[in-house]
Amino acid sequence: MTEQFWKRKSLSQMSHAEWESLCDGCALCCMHKLEDEDTGEVFYTDVACRLLNLETCRCRDYPGRAKKVAECLTLSLDEPEAFSWLPTTCAYRLLADGGDLAAWHPLVSGRPESVHEAGISVMGRARSENDTDEWTVLQQRS
């Protein structure tokens with residue numbers, strides 16, 4: 001992939017491979033979220049989608065996820081409102097808002113584990129929806 005393509009291309013100009021490489025592997029989009037109806041604030045719980053591999057922070061069935069999980073957040077430029085559900089650290093949201101990738105992002109660092117080392121991902125802080133019926137707020141989306 002061309003180095004720093006995200007600095008010279010808009011999201012709509014990216015190839016499929018470039019688009020997919022923007023995912024830093026934090027898995028926050030795979031967490032159950034709660035929205036305060038009065039304020040619109042979004043809170044991330046510590047409960048993950050049943051398809052999330054908690055050890056790798058990757059989906060166990062990425063190609064088939066939307067068919068298996070009706071609530072799955074699938075991103076598309078045709079539905080920019082979905083970006084509001086993303087954390088402020090998410091590359092898709094950052095770039096859509098005119099920002100840049102953080103130093104810990106794997107495309108910048110060159111290391112996929114940098115997102116975990118920076119404490120951005122849910123690694124070690126999440127549990128599967130299959131294993132619990134109790135939820136805790138993990139973080140508030142800014």
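Use the structure listed above.
Residues numbered from 1 in each chain as written. Predicted model: local features only at pLDDT ≥ 70, side-chain atom pairs only at ≥ 80, totals over all residues. Heavy atoms only, no water.

J.: I'd like a description of the overall build of the protein chain, backed by residues and values.
T.: Each helix and strand in the protein chain was counted, giving six helices and six strands. Going from the N terminus to the C terminus, the protein chain shows its helices and strands as α-α-β-β-β-β-α-α-α-α-β-β. Computed over C-alpha atoms, the radius of gyration of the protein chain comes to 15 Å, within 12% of the 14 Å expected from 2.2 N^0.38 for 142 residues, which places it in the range of a compact globule. Across its three principal directions, the C-alpha atoms of the protein chain cover 45 × 35 × 30 Å. Each of the 142 residues in the protein chain was classed as buried or not, and the buried ones make up 35%. Excluding contacts between residues fewer than 6 apart, the proportion of contacts in the protein chain whose partners are at least 24 apart in sequence is 55%. Per element, the accessible surface of the protein chain, about 8300 Å² overall, is 48% carbon and sulfur. Between the averaged position of the 15 positive side-chain charges in the protein chain and that of its 24 negative side-chain charges there is a distance of 6 Å. (Helix = DSSP H or I, 4+ residues; strand = E, 2+ residues; numbered from the N terminus. Rg over C-alpha atoms; globule rule 2.2 N^0.38 Å. Buried < 20%, exposed > 50% of the residue type's maximum accessible area, 1.4 Å probe, protein only. Contact = heavy atoms within 4.5 Å. Areas by Shrake-Rupley, 256 points an atom, 1.4 Å probe, with all protein chains shown as cover. Lys, Arg positive; Asp, Glu negative; His and termini not counted. Charge placed at Lys NZ, Arg CZ, Asp CG, Glu CD.)

J.: Quick one: what's the story with the layout of surface pockets, residue by residue and with numbers?
T.: The calculated volume of the largest pocket comes to roughly 840 Å³. Along the walls of the largest pocket sit 35 residues, with Cys29, Cys30, Arg65, Cys72 and Leu73 positioned nearest its centre. For the lining of the largest pocket, the secondary structure elements donating two or more residues are α2 (16-21), β1 (31-35), β4 (58-59) and α4 (91-96). (1 Å grid on protein atoms, 1.4 Å probe; cavity = no way out; pocket = protein on both sides within 12 Å on 5 of 7 lines; lining within 4 Å. Points joined across faces, edges and corners; volume = space filled by probe spheres on them.)

J.: Pulling in residues and values, what's your account of the pattern of salt bridges?
T.: Two side chains with opposite charge may pair up if their charged atoms get near one another. One pass over the structure, following the stated rule, counts seven salt bridges. Here Arg50 ties to Glu129 by a salt bridge, and the two come within 3.2 Å at their closest N and O atoms. Linking Arg50 in the loop between β2 (42-48) and β3 (52-53) with Glu129 in the loop between β5 (127-128) and β6 (137-140), this pair joins segments that are 79 residues apart in sequence. Residue Arg50 is classed as partly exposed on the basis of its relative accessible area, which comes to 33%. Of the charged contacts, one joins Arg111 and Glu113 as a salt bridge, the two residues approaching to 3.2 Å between their closest N and O atoms. Linked through salt bridges whose partners overlap, the residues forming this network are Arg111, Glu113 and Glu117. (Salt bridge = Lys/Arg side-chain N within 4 Å of Asp/Glu carboxyl O.)

J.: I'd like to hear about the pairing of β2, residue by residue, with values.
T.: Within β2, six of the seven residues are buried, which leaves the element mostly enclosed by the surrounding structure. Of the strand pairs in this sheet, β1 and β2 are connected by four bridges, and their pairing is antiparallel. Note that in β2 the partner of Leu34 across the bridge is Phe43. In the sheet, β2 pairs with β5 via two bridges, with the strands oriented parallel. The partner of Val47 across the bridge, within β5, is Arg127. (Pairing = 2+ DSSP bridges.)

J.: Let's hear about the environment of Leu28: which residues, and what values?
T.: The residue Leu28 is located in the loop between α2 and β1 in this model. Relative accessible area serves as the criterion here: at 1%, Leu28 is assigned to the buried category. For the pair formed by Leu28 and Tyr44, sequence separation is 16 residues and the distance between their alpha carbons is 7.5 Å.

Geometric values such as these leave the question of function open.
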